[in-house]
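Chain residues, written in single-letter form:
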Amino acid sequence: MRYLDTLPRRWVTTYIPLGVFLFVLLFPFYWMVMTSFKPNEELVSRKSNPFWIVKPTLAHFEKLLLRTEYPQWLWNTVLVSVVATFLSLAASVFAAYAIERLRFKGARPVGLAIFLAYLIPPSILFIPLATIVFKLGLFDTRLALILSYPTFLVPFSTWLLMGYFRSIPYELEECALIDGATRWQILVKIILPLAVPGLISAGIFAFTLSWNEFIYALTFISSSEVKTVPVGVVTELVEGDVYHWGALMAGALLGSLPIAVLYSFFVEYYVSGMTGAVKE
């Protein structure tokens, strides 16, 4: 740590790299905010400053919220993401507990197979899934997305929870078995309370993936009132070769706020879950 001894060294090795990193990370968000509040005259004018707003306006938000189906798209996205996340977490908890704690023969290959299933690209999976959705009569419904999203949420959440369950001492479970506890009681009263950071991390990842999903929502949904935000903003606010950039950026800004709020509230649990730490 001698490179942090003096102030010039701290600036060169820490402050300046962090500043560059933050600039690169936050500049797209800044550009999105500027565009969403900038009037059309400034957006198309070559003389206006592209990095600042002279006369801010709320016209793009008014168009987005009052003249499009954006509020319904937002509700659809919240409903689908929340329900799909809870279903996926429930399945992942049982799968991860069985693989890591029951110690049956072939548990490791099963865990590896689950992770490999997550690596299958959605562009390949949506073709057979579309056939199943059509045959079940679920096309153009929110239920089609709720049932199809766990196909990529469960493998990832299971793999993440497997690593966290592995860090919980086996002695706790053995003592509970000696005292007469059932497997269900051990899972509910011992494993899950200790695995709260891991559950929150898996839930945040699953919710984020559901919120941003595009291919399945584009394929399985056609009605405007059933679309989600990623699909609705792209398909409804682009008319041929005309891009309504102000409304597009306003929709992207409002659509990114729930995820930003979610991460800000649970960042400590998220970091703890990713490192596999167990608080005694």
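Cut-off values and rules
- Residues take numbers from 1 onward in each chain, read along the sequence in its written order.
- Side-chain atom pairs in this predicted model are given and counted only at pLDDT of 80 or more, local residue features only at pLDDT of at least 70, and totals for whole chains, interfaces and linings cover all residues.
- Side-chain metrics rest on all non-hydrogen atoms present in the structure, leaving aside hydrogens and water.
- Labels follow the DSSP assignment, with helices taken as runs of H or I lasting at least four residues and strands as runs of E lasting at least two, numbered in each case from the N terminus.
- For every residue, the accessible area obtained with a 1.4 Å probe (protein chains only) is divided by the maximum for its type, and the residue is called buried under 20%, exposed over 50%, and partly exposed between those limits.
- Contact criterion: two residues are considered in contact whenever any of their non-hydrogen atoms come within 4.5 Å of each other.
- Neither His nor the chain termini are counted; the positive set is Lys and Arg, and the negative set is Asp and Glu.
- To locate a charge, the coordinates of NZ of Lys, CZ of Arg, CG of Asp or CD of Glu are taken.
- To get an axis, fit a line to the C-alpha atoms, keeping to the stretch in contact for a helix; angles then go from 0 to 180 degrees between the N-to-C directions.
- Should an angle fall under 35 degrees it is called roughly parallel, over 145 degrees roughly antiparallel, and 65 to 115 degrees roughly perpendicular, with every other angle called oblique.
- In this scheme the handedness of a crossing depends on how the near helix is turned from the far one: anticlockwise by less than a right angle means left-handed, clockwise means right-handed.
- In the scheme used here, Gly and all other residues not listed as nonpolar or charged are polar, with Ala, Val, Leu, Ile, Met, Phe, Trp, Tyr, Cys and Pro taken as nonpolar and Asp, Glu, Lys and Arg as charged.
- The rule for a salt bridge is simple: a side-chain nitrogen of Lys or Arg has to be within 4 Å of a carboxyl oxygen of Asp or Glu.
- Here a polar contact means two N or O atoms within 3.5 Å. Within protein one must be a hydrogen donor candidate and the other an acceptor candidate, and residues neighboring in sequence count only if both atoms are side-chain atoms.
- Residue count minus one, scaled by 1.5 Å, sets the expected span of a helix.
- Note that the arc is defined by the directions from the helix axis to the C-beta atoms.
- Pairing of aromatic side chains here covers Phe, Tyr and the six-membered ring of Trp, requires ring centres within 6.5 Å, and sorts the geometry by plane angle: under 30 degrees stacked, over 60 edge-to-face, intermediate tilted.
- For a lysine, the NZ atom is tested; for an arginine, the CZ atom; a charge sits over a ring if that atom is within 6 Å of the ring centre and within 35 degrees of the ring normal.
- Throughout, the protein atoms alone are placed on a 1 Å grid, and a set of points is a cavity if a 1.4 Å probe fits but cannot get out or a pocket if it is open with protein on both sides within 12 Å along at least five of seven lines; lining residues have an atom within 4 Å of a point.
- Grid points are joined across faces, edges and corners, and a volume is the space filled by probe spheres set on the points.

A. How the structure looks around the overall build of the protein. Within the protein, the secondary structure is distributed over 15 helices and two strands. Overall, the protein is about 75 × 70 × 30 Å in size when its C-alpha atoms are taken along their principal axes. By the burial criterion, 36% of the 280 residues in the protein qualify as buried. Pairs at least 24 apart in sequence give 72% of the contacts found in the protein among residues at least 6 apart. In the protein, which carries 20 positive and 18 negative side-chain charges, the distance between the mean positions of the two groups comes to 6 Å.

B. Quick peek at the packing of helix H9 (residues 170-178) against helix H10 (residues 183-194). Where H9 meets H10, the axes come as close as 10 Å, and the angle between the chain directions of the two elements is 150°. Between H9 and H10, the angle falls in the class roughly antiparallel. In terms of crossing hand, the pair formed by H9 and H10 is right-handed. When H9 is examined against H10, the residues Leu172, Glu173, Ala176 and Leu177 are found in contact with a partner set consisting of Arg183, Ile186, Ile190, Ile191 and Leu194. Split into classes, the residues belonging to the contact of H9 with H10 amount to seven nonpolar, no polar and two charged.

C. Examining the pattern of salt bridges more closely. In this structure the tally under the stated criterion is six salt bridges. Close ionic contact of Glu100 with Arg108 constitutes a salt bridge, the shortest N to O distance being 2.9 Å. Of the charged contacts in the structure, one is a salt bridge between Glu236 and Lys227, with a shortest N-O distance of 2.9 Å. Via salt bridges that share partners, Glu100, Arg108 and Arg166 belong to a single interconnected network.

D. Highlighting the side chain of Lys38. Here Lys38 shows up in the loop between helix H1 (7-37) and helix H2 (40-44). For Lys38, which is buried and forms no salt bridge, the nearest opposite charge comes from Glu42, at a distance of 5.1 Å. In terms of polar contacts, Lys38 uses its side chain to reach the backbone carbonyl oxygen of Asn49, at 3.4 Å. There is a polar contact of 3.2 Å between the side chain of Lys38 and the backbone oxygen of Pro50. Lys38 has contacts with Leu43, Asn49, Pro50, Phe51, Trp52, Ile53, Thr57 and His60, leaving out every residue within four places of it along the chain.

E. Region of the structure containing H10. In a regular helix each residue adds 1.5 Å, so 12 residues correspond to 16 Å; H10 covers 15 Å between its end C-alpha atoms and thus fits that length. Of all the positions in H10, only Ile186, Leu187 and Ile191 are classed as buried. Buried residues in H10, looked at end-on, bunch into an arc of 95°, giving them a common side. Turned more than 90 degrees away from the buried face of H10, the exposed residues are Trp184 and Lys189. Residues of H10 that are buried in the fold lie against helix H4 (70-101), helix H8 (150-166) and H9.

F. Representation of the packing of aromatic side chains. One pass over the structure, following the stated rule, counts 16 aromatic pairs. With a centroid separation of 6.3 Å and 35° between ring planes, the pair formed by Phe27 and Tyr30 is classed as tilted. Of this pair, Phe27 and Tyr30 are both found in helix H1, three residues apart, which corresponds to roughly one turn of the helix. Judged by its relative accessible area of 28%, Tyr30 falls in the partly exposed class. Between the aromatic rings of Phe134 and Phe139, the centroid separation amounts to 4.7 Å while the plane-to-plane angle is 15°, which identifies the pairing as stacked. A residue is classified by how much of its surface remains accessible, and Phe139, at 29% relative accessible area, is partly exposed. Taken together, the ring pairs in this structure connect Phe23, Phe27, Tyr30, Trp31 and Phe51 into an aromatic cluster. When the ring centre of Tyr170 is taken as reference, the NZ or CZ atom of Arg101 above it lies at 4.2 Å.

G. Just the environment of Arg142, in detail. Here Arg142 shows up in helix H7 (residues 142-148). Taking relative accessible area as the criterion, Arg142 reaches 29% and is therefore assigned partly exposed. Linking Arg142 and Ala107, residues 35 residues apart in sequence, is a C-alpha distance of 34 Å. The residues touching Arg142, leaving out its near neighbours within four places in the chain, are Gln72, Asn76, Leu79, Val80 and Val226.

H. Region of interest: empty space enclosed by the protein. In total, this model carries one cavity of 30 Å³ or more according to the counting rule given. The calculated volume of the largest cavity comes to roughly 30 Å³. The wall of the largest cavity is formed by Ala117, Tyr118, Ile120, Pro122, Leu125, Thr151, Phe152 and Tyr216. At the level of elements, helix H5 (107-118), helix H6 (122-135) and H8 are the ones that each hand at least two residues to the lining of the largest cavity. Class assignment for the residues of the lining of the largest cavity results in seven nonpolar, one polar and no charged.

Read these as spatial facts, not as claims about activity.
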